[in-house]
Amino acid sequence: MTKVIYPGQTIGIIGGGQLGRMMALAAKEAGFKIAVLEPAMDSPCGQVADIRIVAAYDDEAALEELAEVSDVITYEFENIDYEGLKRLTQIAYVPQGAELVRITQNRVTEKAAIVEAGCPVAPYVVAESYDELVAKIDEIGFPCIVKTARGGYDGKGQQLLKSADDLSLVRALFEHSVCIAEGFVPFEKEISVIVQRNGQGQTYCLPVGENIHVHHILHETIVPARIAETTYEKATEAATKIADSLNLVGTLAVEMFVLESGELVINELAPRPHNSGHYSIEACNISQFGQHIRAVCGWPLRQPRLWAPTISINILGQHVIPLTNSIAKYPDWSVHLYGKAEAKVNRKMGHVTIMTESIDTTLEQIQNAGIWSE
Ligand code: AMP
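Residues numbered from 1 in each chain as written. Predicted model: local features only at pLDDT ≥ 70, side-chain atom pairs only at ≥ 80, totals over all residues. Heavy atoms only, no water.

The chain goes by N5-carboxyaminoimidazole ribonucleotide synthase in an unreviewed UniProt entry, where it is assigned to Metasolibacillus meyeri. The UniProt entry for the chain carries the following text under Sequence similarities (unreviewed entry): "Belongs to the PurK/PurT family." Turning to the chain, the UniProt annotation filed under Subunit (unreviewed entry) states: "Homodimer." (UniProt positions renumbered as here; feature names shortened; annotations may be inferred.)

Here's what the structure looks like:
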């Protein structure tokens, strides 16, 4: 049953990263208290939370403590312990349930769910062993991409195979997990739709973002995506179909490939706010984090509106010092840093959001800033 959670009550968040931090900041704006369960001592979310429980995601006593102090529980990250989350649904109010995490933790169940919703995915086969992959690979052909079913992110746990000569490159992937091999999609653009739904079934998509990756890590998001109107509509329709089919409560980010024909192929799902939606903090009348909190608290959702074309760019470890040195030059840039102590190379440390009248001029400004040059 859907409950309404009010300011002054406590929202428990599993996971203490930047997504939890931005959720917490949005919730605190409305007067909620925040409890966070996270194994690291000084986490981005822990820094802004009222209650910190420092323990592993599967620590039973810690989960019980989280249940005790929270009026509602959400999560910011899909690789939390599924069994722990399932147990929590029995002793606490977890409106999102545990099923979506189970499905999206594994590419095999995730792809099946997308297909079940009536949306297209790249042709794929599932292989439990290297030998099974070799036996099945002709069903997909080359080039193809082999991905571990579990635990991959930012391009980790996957390998492009250009021909059968490359097959031995993926032997090691099977040490970690069952794998899938999927056909290489010759996409023109990558986009994402963040769809959000409350327990009453009210559903909205944020404006569609166009995503540019560098070395498999999201580099920048351009909003609205520079795609045909019909493609844009198809993208939000597909995300809504998947959300409905999964009976979503909360947030689902749907990553898609846009083909030259304008057709879409769904790549993957994330059951949480997404890096490509950070722009909404400044550029929309409701941020992905504010809407997520409304959804899990049983509040009515707001129809999102974009105030202006916007670019958001990630700040990785190597960009922190050049960004800091440039702050004085760019009064229109909204700078977000997540409070992570160590600026390791390629670690997501923050992002910058720029609302603009001209995407082209701003892309040029970003290029000339010298912060993201390799
Ligand atoms: P993923 O971890 O599945 O999001 O993949 C990371 C990135 O690899 C995507 O954002 C794409 O740029 C690329 N990629 C993944 N799968 C495919 C595919 N089937 N065809 C072409 N590029 C892909």
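Don't stop here, the text continues.
Q: Can you help me understand helix 5 (residues 107–116) in this one?
A: Count 3.6 residues to each turn of an α-helix, and residues three or four apart come out pointing the same way. Turning to helix 5, its buried residues number three or more, namely Arg107, Glu110, Lys111, Ala113 and Ile114. Here the buried residues of helix 5 occupy an arc of 160° about the axis, which is enough to place them on one side. Its side-chain oxygen at 2.8 Å from the backbone nitrogen of valine 108, asparagine 106 defines the N-terminal cap of helix 5. Trailing helix 5 by a residue or two, glycine 118 shows a phi angle of about 90°, which is positive. (Buried < 20%, exposed > 50% of the residue type's maximum accessible area, 1.4 Å probe, protein only. Helix = DSSP H or I, 4+ residues; strand = E, 2+ residues; numbered from the N terminus. Arc of directions from axis to C-beta. Polar contact = N/O pair within 3.5 Å; in protein donor to acceptor, adjacent residues only side chain to side chain.)

Q: I keep staring at the pairing of strand 6 (residues 144–148) and nothing clicks. Help me out?
A: Consecutive residues of a regular strand have side chains that alternate between opposite faces of the sheet. Most of strand 6 is tucked away: five of the five residues are buried. Judged by which residues are buried, strand 6 turns out to be covered on both faces: Cys144, Val146 and Thr148 on one side and Ile145 and Lys147 on the other are all buried. Relative to strand 8 (residues 179–183), strand 6 runs antiparallel, the two sharing five bridges. For cysteine 144, the partnering residue across the bridge sits in strand 8 and is glycine 183. (Pairing = 2+ DSSP bridges.)

Q: Can you walk me through the pattern of salt bridges in this structure?
A: Where charged atoms of side chains with opposite charge meet at close range, the side chains can pair. For the structure on display, the rule yields twelve salt bridges. Between arginine 226 and glutamate 210 there is a salt bridge whose closest N-O contact spans 2.7 Å. Taken together, the positions of arginine 226 in the loop between strand 12 (217–223) and helix 7 (229–245) and glutamate 210 in strand 11 (residues 209–214) put the pair 16 residues apart, joining distant regions of the chain. Taking the relative accessible area as the measure of exposure, glutamate 210 reaches 3% and is therefore buried. By sharing partners, the salt bridges in this structure join Lys111, Lys147 and Glu182 into a single network. (Salt bridge = Lys/Arg side-chain N within 4 Å of Asp/Glu carboxyl O.)

Q: What exactly am I supposed to notice about helix 7 here?
A: Spanning 17 residues, helix 7 covers 24 Å between terminal C-alpha atoms, matching the ideal 24 Å at 1.5 Å per step. Within helix 7, the full set of buried residues consists of Thr231, Ala235, Ala238, Ala239, Ile242 and Ala243. Taken end-on, helix 7 shows its buried residues confined to a sector of 135°, consistent with a single buried face. In helix 7, those exposed residues whose orientation departs by more than 90 degrees from the buried face are Glu229, Thr230 and Glu237. For helix 7, the secondary structure elements touched by its buried residues are helix 5, strand 9 (189–197), strand 10 (203–205), strand 13 (250–258) and strand 14 (264–270). Just downstream of helix 7, asparagine 247 is the residue with a positive phi angle, here 55°. (Expected span 1.5 Å × (residues − 1). Contact = heavy atoms within 4.5 Å.)

Q: Teacher, can you tell me more about the sheet that holds strand 7 (residues 158–161) here?
A: Two strands in a sheet stick together by hydrogen bonds in their backbones, pointing the same way (parallel) or opposite ways (antiparallel). Strand order in the open sheet made by the four strands is 5-8-6-7, with antiparallel pairing throughout. Across the chains shown, the open sheet's two edge strands, defined by having one partner strand only, are strand 5 (124–127) and strand 7. When strand polarity is set aside, the average angle formed by the axes of neighbouring strands in this sheet is 20°. Docked against the sheet, helix 5 engages strand 5, strand 6, strand 7 and strand 8, running at close to 45° with respect to strand 8. (Axes fitted to C-alpha atoms, helices over the stretch in contact; angles between N-to-C directions.)

Q: Would you mind showing me how to read the environment of leucine 161 here?
A: Within the fold, leucine 161 resides in strand 7. We classify leucine 161 as buried; its relative accessible area is 0%. Between the alpha carbons of leucine 161 and asparagine 285 there is a distance of 43 Å; along the sequence they are 124 residues apart.

Q: Would you mind going over the site of the ligand with me for this structure?
A: Taken together, 16 residues sit near the ligand, with Lys147, Glu182, Val185, Glu190 and Glu268 positioned nearest. The backbone of glycine 183 places a nitrogen or oxygen atom 3.0 Å from a nitrogen atom of the ligand. Protein chains shield 93% of the accessible area of the ligand, which is 480 Å² for the free molecule. When contributions to the shell around the ligand are tallied by element, the ones reaching two or more residues are strand 6, strand 8, strand 13 and strand 14. By residue class, the composition of the shell around the ligand is five nonpolar, five polar and six charged. (Near = heavy atom within 4 Å. Areas by Shrake-Rupley, 256 points an atom, 1.4 Å probe, with all protein chains shown as cover. Nonpolar A, V, L, I, M, F, W, Y, C, P; charged D, E, K, R; others polar.)

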